[in-house]
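Breakdown of the fold
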Amino acid sequence: MEKILQVKNLHVSFRTYGGEVKAVRGVTFDLHKGETIAIVGESGCGKSVTAKSIMGLIPNPPGKITDGKILFKGKDLAKLPDRELRKIRGADISMIFQDPMTALNPTLTIGEQIMEGIIQHHKIARSDARKKALEILELVGIPSPKSRLKQYPHQFSGGMRQRIVIALALICEPEVMIADEPTTALDVTIQAQILDLFRDIQKKTGVSIILITHDLGVVAQVADRVAVMYGGKIIETGTKREIFYEPQHPYTKGLLNSVPRIDIEDAELVPIAGTPPDLFAPPAGCPFVARCEYAMEVCDRIYPTQTLKGNEHQVYCWLQDVRAKTSFATKW
Amino acid sequence: MATYLIKRFFAMIVTLWLIITLTFFLMHALPGSPFNDERNTSEAVQKNLIAHFNLDQPVSVQYIEYLKSIVQFDFGPSIKKSSQTVNDLLGRGFPVSFELGMVTLVVAILSGILLGVLAALKHNGVIDYLAMTIAVLGISVPNFVLATLLIQQVAVNWELLPVATWKSWRHMVLPTLALATGPMAIIARLTRSSMLEVLTQDYILTAKAKGLTPFKIVFKHALKNALLPVVTVLGALAAGILTGTFVIEKIFAIPGMGKYFVDSINNRDYPVIMGTTIFYSALLIFLLFLVDVAYGILDPRIKLHKKEGR
Ligand SMILES: Nc1ncnc2c1ncn2[C@@H]1O[C@H](COP(=O)(O)OP(=O)(O)OP(=O)(O)O)[C@@H](O)[C@H]1O
Ligand code: SF4
Ligand SMILES: [Mg+2]
């Protein structure tokens, strides 16, 4: 499959009064054409920072991409000046944010907010932009779009607003859409509708989606592949099947155990004990070491090497090392 | 909308009536009379004059008479400046005061917003500190002090601009500057803090994610929202500028309404006191109404008419 976006060894830091926060520490993943990759992980593990880096939306100062590449159409977005990035933002790569109640400007009509993106990028006439906006509103499932165009955000419900936010992101027919927790702020029924919409849109437009979430239920519904993040790193990545049925990393297993299941009766919910690592002074070795029940001496000192479990399935854990396998055979 | 306007209009009339009534009785409660000044008018003449202006009648009768003439927009004669009516004085003074007030308001609003936006965009930079220093000075130095300083330095020492009076645009510079600096400073500070707050909002990130230019993000998405709190203080600022004109007109010998107003109080020139007060009040009430309308236009969430639930 064609790789449309490649993130390579991305490092992002924030300079704060308390010191340097190393929020993202060597994230690598590929996005294929027409697929949905889900990035999952606990709060603070660096999901949003990764997404914003791709869009060039890391506030600088205090933030900075300190290392790595973001390759898109032969360009390295990490090194592109803002003037050039602006042409890509919203046009080729667009982003959807978490809270639809605050993501829209309260003082502009939604028509204006949908149209201005395409007017900016394609320099088309307002009448053409309006036609396009009507099409897009139809696509995202807003009833009677013509009269809705002149209304303001406060005249829509939360679910409707999220559809409008999605419409803004789609108006320029981008190749990549990044959705940062697009359903977290919505209630469950609306959440399911929005996820359906994502699948529907992907079928119709072939857009590649990076979906950020901490909800494995969401992952199960829409993702093709999954990247599990922990402490600013991707610790396991694979297809949805591989991650759900053959998880390898202790953290991934812990995540799956902490999700309620309806298929197993009386399944015990086991939250992962402990707290995520301090990103001011991240551990040199495995970031999960403080919470891992299998932690070995080596885990504390040296970052685990990559182990390939399948074509796409990569794990970073010392337990996968042949040497550990022999000595831990019984417990593992 | 129409019902709102009608309701609002009646509220404005009632407010004005309250002001008229209050001013009328307070004024008559002041000790002193228009006629006992240093000229030593004889008892007989004073009696005649008092009778002529109906001042011998009970206050309640005078009040009724006054209301009657007011509804016909007749503010009566001036007691001190015989042969002139209050309408004459207002007709002559108002255009000048209006010019001074409006120019000041426009200068204060435009420069205040510009300064505030610049300060917010260069948050904690040199421009920010410079702008906020100017703002603090502008708020803490009273306009009459600034006026005298400006006259001394710019007009007398440097001889760049005329010292006083109101003839050409060159005459307008110093009074406008003296009067506009305070309100400008308030607007600048308010714009800055409101702008800083708005720039952290999610919808600004959305606007950036669309690939809009920084110019569009600031002036189309941020400024309109940032101006909402600024608009709410405009009414109060306009009031401040109005009262400021009394002092500034006096200092710069500008032939506006302020001069008549101040003189009339010293002279107990009742009709002029009433006339100017009513005029200023009406103007202010109207300005506050304009501010409300502007707010409704800027913020679609505020509906001038109550209907149309969501
Ligand atoms: N502007 C900033 N200044 C300083 N630190 C920041 C900034 N933005 C993010 N960080 C830090 O980067 C780390 C990762 O943040 P990020 O927003 O990517 O988390 P996340 O995985 O998206 O979590 P959540 O699920 O809560 O959204 C956090 O520890 C956070 O403190
Ligand atoms: S590397 Fe070590 S600490 Fe990290 S998950 Fe594997 S076993 Fe646990
Ligand atoms: Mg986040």
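None of the values given here were measured: they were computed from a predicted structure.

1. Side note on the site of ligand 1
Residues and elements named next belong to chain A. If you check the shell around ligand 1, you find 14 residues, and the closest are Ser43, Gly44, Lys47, Ser48 and Val49. Within the side chain of Ser48, an N or O atom sits 2.6 Å from an oxygen atom of ligand 1. Here ligand 1, which alone exposes 640 Å², has 67% of that area covered by the protein. Within the residue set of the shell around ligand 1, elements represented by two or more residues are β1 (3–16) and α1 (47–55).

2. Focus: the packing of helix α5 (residues 126–140) of chain B against helix α7 (residues 169–199) of chain B
Residue and element names in this part refer to chain B. In the contact formed by α5 and α7, the axes pass within 8 Å of each other and the chain directions differ by 135 degrees. In terms of axis orientation, α5 runs oblique to α7. Relative to α7, α5 is oriented so that their crossing is left-handed. Each of Asp128, Met132, Ile134, Ala135, Val136, Gly138 and Ile139 in α5 lies in contact with α7, whose residues at this interface are Thr181, Gly182, Met184, Ala185, Ile186, Ala188, Arg189 and Arg192. A breakdown of the residues in the contact of α5 with α7 according to their chemical character gives 9 nonpolar, 3 polar and 3 charged.

3. A short note on the site of ligand 2
All names here are of chain A. Close to ligand 2 lie His249, Pro250, Cys286, Phe288, Val289, Cys292, Tyr294, Cys299, Pro304, Cys317, Trp318 and Leu319. Taken atom by atom, the bulk of ligand 2 overlaps the second largest cavity. Looking at the shell around ligand 2 residue by residue, the classes come out as 11 nonpolar, 1 polar and no charged.

4. Thoughts on the sheet that holds strand β8 (residues 208–213) of chain A
Residues and elements named next belong to chain A. Across the sheet, which stays open at both edges, the 8 strands sit in the order β6-β7-β8-β3-β9-β10-β12-β11 with mixed pairing between neighbours. Single-partner strands in this sheet number two, and they are β6 (93–96) and β11 (306–308). Direction aside, the axes of adjacent strands within the sheet are offset by 20 degrees on average. As judged from the 2 bridges shared by strand β10 (residues 233–239) and strand β12 (residues 314–316), these two strands associate in the antiparallel manner. Opposite Thr237, over in β12, you have Gln314 as the bridge partner.

5. With respect to helix α10 (residues 250–257) of chain A
Residues and elements named next belong to chain A. For α10, a buried count of 6 out of 8 residues is recorded, marking the element as mostly surrounded by other parts of the structure. Those residues of α10 that fall on the buried side of the exposure criterion are Pro250, Tyr251, Thr252, Gly254, Leu255 and Leu256. On the buried face of α10, the contacting elements are α8 (216–222), β9 (225–230), β10 and α9 (240–245).

6. Considerations on the interface of chain A and chain B
If you look at the interface, chain A gives 26 residues, while chain B gives 21 residues. Summing both partners gives a buried area of about 2,300 Å² for chain A against chain B, and 56% of it is carried by carbon and sulfur. The interface formed by chain A and chain B contains 3 salt bridges. Between Glu112 of chain A and Lys220 of chain B there is a salt bridge whose closest N-O contact spans 2.5 Å. In this structure, the connection of chain A to chain B is made through 16 residue pairs in polar contact (both at pLDDT 80 or more). Examining the composition of the side of chain A that touches chain B, we find that 6 residues originate from one element, helix α3 (residues 110–122) of chain A, more than from any other. Looking at side-chain class alone, the side of chain A that touches chain B contains 10 nonpolar, 10 polar and 6 charged residues.

7. Notes on the pairing of β9 of chain A
All names here are of chain A. Counting buried residues in β9 gives 6 out of 6 residues, a clear majority hidden from the surface. Across the two faces of β9 the burial is the same, with Arg225, Ala227 and Met229 and Val226, Val228 and Tyr230 all buried. Two elements, strand β3 (residues 36–40) and β9, share 4 bridges in a ladder whose sense is parallel. What sits directly across from Ile37, in β9, is Arg225. Both β9 and β10 contribute to a ladder of 6 bridges, which runs antiparallel. Residue Val226 lies in a different strand from β10, and its bridge partner there is Gly238.

8. Quick word on the UniProt feature "domain: ABC transmembrane type-1" (unreviewed entry) in chain B
The UniProt entry lists residues 94–291 of chain B under the feature "domain: ABC transmembrane type-1" (unreviewed entry), expressed in the numbering used here. Overall, residues 94–291 of chain B shows 85% helix and 0% strand. The separation of its end C-alpha atoms is 21 Å.

9. Comments concerning the UniProt feature "domain: ABC transporter" (unreviewed entry) in chain A
In this numbering, the UniProt entry assigns the feature "domain: ABC transporter" (unreviewed entry) to residues 5–256 of chain A. Split by type, residues 5–256 of chain A is 39% helix and 28% strand. Its first and last C-alpha atoms lie 28 Å apart.

10. Remarks on the domain arrangement of chain B
All names here are of chain B. Parsing chain B into structural domains produces domain 1 (2–71) and domain 2 (89–298). Every contact between the two is made by 20 residues of domain 1 and, on the other side, 16 residues of domain 2. When domain 1 packs against domain 2, the two sides together hide about 1,600 Å² of surface, and 77% of this comes from carbon and sulfur. The three residues of domain 1 that bury the most area against domain 2 are Arg8, Met12 and Met27, which together make up 31% of that side's buried surface. At the boundary of domain 1 and domain 2, one finds 1 salt bridge. Linking Arg8 and Asp292 is a salt bridge whose minimum nitrogen-to-oxygen distance equals 2.6 Å.

11. Focus on empty space enclosed by the protein
For the structure shown, the criterion picks out 4 cavities of 30 Å³ or more. Within this model, the largest cavity holds a volume of roughly 90 Å³. Secondary structure elements with two or more residues in the lining of the largest cavity: β6 and α6 (158–170) of chain A together with α8 (202–209) of chain B. Per-class residue counts for the lining of the largest cavity are 7 nonpolar, 4 polar and 1 charged. Taken as a whole, the second largest cavity encloses approximately 70 Å³ of empty space. Lining the second largest cavity are His249, Pro250, Cys286, Phe288, Val289, Cys292, Tyr294, Met296, Cys299, Cys317, Trp318 and Leu319 of chain A. Class assignment for the residues of the lining of the second largest cavity results in 11 nonpolar, 1 polar and no charged.

Calculation notes
- Residues numbered from 1 in each chain as written.
- Chains lettered and ligands numbered in written order.
- Predicted model: local features only at pLDDT ≥ 70, side-chain atom pairs only at ≥ 80, totals over all residues.
- Heavy atoms only, no water.
- Near = heavy atom within 4 Å.
- Polar contact = N/O pair within 3.5 Å; in protein donor to acceptor, adjacent residues only side chain to side chain.
- Areas by Shrake-Rupley, 256 points an atom, 1.4 Å probe, with all protein chains shown as cover.
- Helix = DSSP H or I, 4+ residues; strand = E, 2+ residues; numbered from the N terminus.
- Axes fitted to C-alpha atoms, helices over the stretch in contact; angles between N-to-C directions.
- Parallel < 35°, antiparallel > 145°, perpendicular 65-115°, else oblique.
- Left-handed = near helix turned anticlockwise from the far one by under 90°.
- Contact = heavy atoms within 4.5 Å.
- Nonpolar A, V, L, I, M, F, W, Y, C, P; charged D, E, K, R; others polar.
- 1 Å grid on protein atoms, 1.4 Å probe; cavity = no way out; pocket = protein on both sides within 12 Å on 5 of 7 lines; lining within 4 Å.
- Sits in = over half its atoms within 2 Å of the grid points.
- Pairing = 2+ DSSP bridges.
- Buried < 20%, exposed > 50% of the residue type's maximum accessible area, 1.4 Å probe, protein only.
- Buried area = accessible area lost by both parts, 1.4 Å probe.
- Salt bridge = Lys/Arg side-chain N within 4 Å of Asp/Glu carboxyl O.
- UniProt positions renumbered as here; feature names shortened; annotations may be inferred.
- Domains from an automatic or database assignment.
- Points joined across faces, edges and corners; volume = space filled by probe spheres on them.

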